[in-house]
Amino acid sequence: DGGITQSPKYLFRKEGQNVTLSCEQNLNHDAMYWYRQDPGQGLRLIYYSQIVNDFQKGDIAEGYSVSREKKESFPLTVTSAQKNPTAFYLCASSVPSGGGTDTQYFGPGTRLTVL
Amino acid sequence: AQTVTQSQPEMSVQEAETVTLSCTYDTSENNYYLFWYKQPPSRQMILVIRQEAYKQQNATENRFSVNFQKAAKSFSLKISDSQLGDTAMYFCAFIDYGQNFVFGPGTRLSVLP
């Protein structure tokens, strides 16, 4: 089955620790994205990548880092510099079309809780 | 900066009836895409419907249709014959060719038996 997988589903972190969230897709999509969702709110873009070895900051990139070494994978690291990391994190991918991007398909999400 | 507004934080509808969710957006761009996504309690984001701004014809997907008014920057979602499984958060989203991605704050829809 083609799709986007995120792991783990739930993640707990102590303050001061870095943690990496996994996102893998087998849809052969070029573009991948990371969003943060806080309770009762919409999605905010953290980082996105249109091609391998290239990525751009979104609206709330501070305290986060990413890499895109393979087309299928776009891991997100939440660093200790992120002051309020407890949130639900969603990964998405899409096939860029024409002059922009097309429909984004989402993974099931990772719930990160800082203890 | 582009913004997306959903003025109805919560709505409810009786099963089998029709409901319309509102969305307005602000942009100076002429070419862009608009989407409605559904997020049920499982929190999986599911695409409901998609509209290209250059198309005048309103998109439809089975029981779901949109009323796209480009000049008014309005993009409402109509759900016909509402079903219990339609209960979810609904997000309106905007993406333009300049890679600006914006989601609205969401509307919580409850379908009542």
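Residues numbered from 1 in each chain as written. Chains lettered and ligands numbered in written order. Predicted model: local features only at pLDDT ≥ 70, side-chain atom pairs only at ≥ 80, totals over all residues. Heavy atoms only, no water.

1. Observations regarding the overall build of chain A
Counting its secondary structure elements, chain A contains zero helices and 11 strands. Reading chain A from its N end, one meets helices and strands in the order β-β-β-β-β-β-β-β-β-β-β. The C-alpha atoms of chain A give a radius of gyration of 13 Å, which matches the 13 Å a tight globule of 115 residues would have. Seen through its principal axes, chain A has C-alpha atoms that stretch 45 × 30 × 30 Å. Looking at chain A residue by residue over its 115 residues, the buried ones come to 50%. Looking at chain A alone, contacts between residues at least 24 apart form 53% of all its contacts between residues at least 6 apart. For chain A, the computed accessible surface area is about 5,400 Å², with 48% contributed by carbon and sulfur atoms. Across chain A, the centroid of the 11 positively charged side chains sits 8 Å from that of the 11 negatively charged ones. (Helix = DSSP H or I, 4+ residues; strand = E, 2+ residues; numbered from the N terminus. Rg over C-alpha atoms; globule rule 2.2 N^0.38 Å. Buried < 20%, exposed > 50% of the residue type's maximum accessible area, 1.4 Å probe, protein only. Contact = heavy atoms within 4.5 Å. Areas by Shrake-Rupley, 256 points an atom, 1.4 Å probe, with all protein chains shown as cover. Lys, Arg positive; Asp, Glu negative; His and termini not counted. Charge placed at Lys NZ, Arg CZ, Asp CG, Glu CD.)

2. Concerning the interface of chain B and chain A
Opposite the 17 residues of chain B that make contact, chain A presents 24 residues. Roughly 1,800 Å² is buried in total at the junction of chain B and chain A, and carbon and sulfur atoms are behind 54% of that figure. At the boundary of chain B with chain A, the tally comes to six residue pairs in polar contact (both at pLDDT 80 or more). Mapped onto the side of chain B that touches chain A, the elements with two or more residues apiece are β5 (32–39), β6 (46–52), β10 (88–96) and β11 (101–103) of chain B. (Buried area = accessible area lost by both parts, 1.4 Å probe. Polar contact = N/O pair within 3.5 Å; in protein donor to acceptor, adjacent residues only side chain to side chain.)

3. Brief notes about the pattern of salt bridges
Inspection of every chain in the model, using the stated rule, returns seven salt bridges over all chains. Here A:Lys71 and A:Asp30 are joined by a salt bridge, their closest N and O atoms 3.3 Å apart. Here A:Lys71 is found in the loop between β7 (64–66) and β8 (76–78), whereas its partner A:Asp30 is found in the loop between β3 (19–25) and β4 (31–37), with 41 residues between them in sequence. For A:Lys71, a relative accessible area of 24% translates into the label partly exposed. Relative accessible area serves as the criterion here: at 32%, A:Asp30 is assigned to the partly exposed category. Across the pair B:Glu52 and B:Arg50 runs a salt bridge whose closest N-O atoms are separated by 2.7 Å. Judged by relative accessible area, B:Arg50 falls into the partly exposed class, the value being 23%. Through salt bridges with shared partners, a single network forms among A:Arg36, A:Asp38 and A:Arg44. (Salt bridge = Lys/Arg side-chain N within 4 Å of Asp/Glu carboxyl O.)

In short, geometric facts, not functional conclusions.
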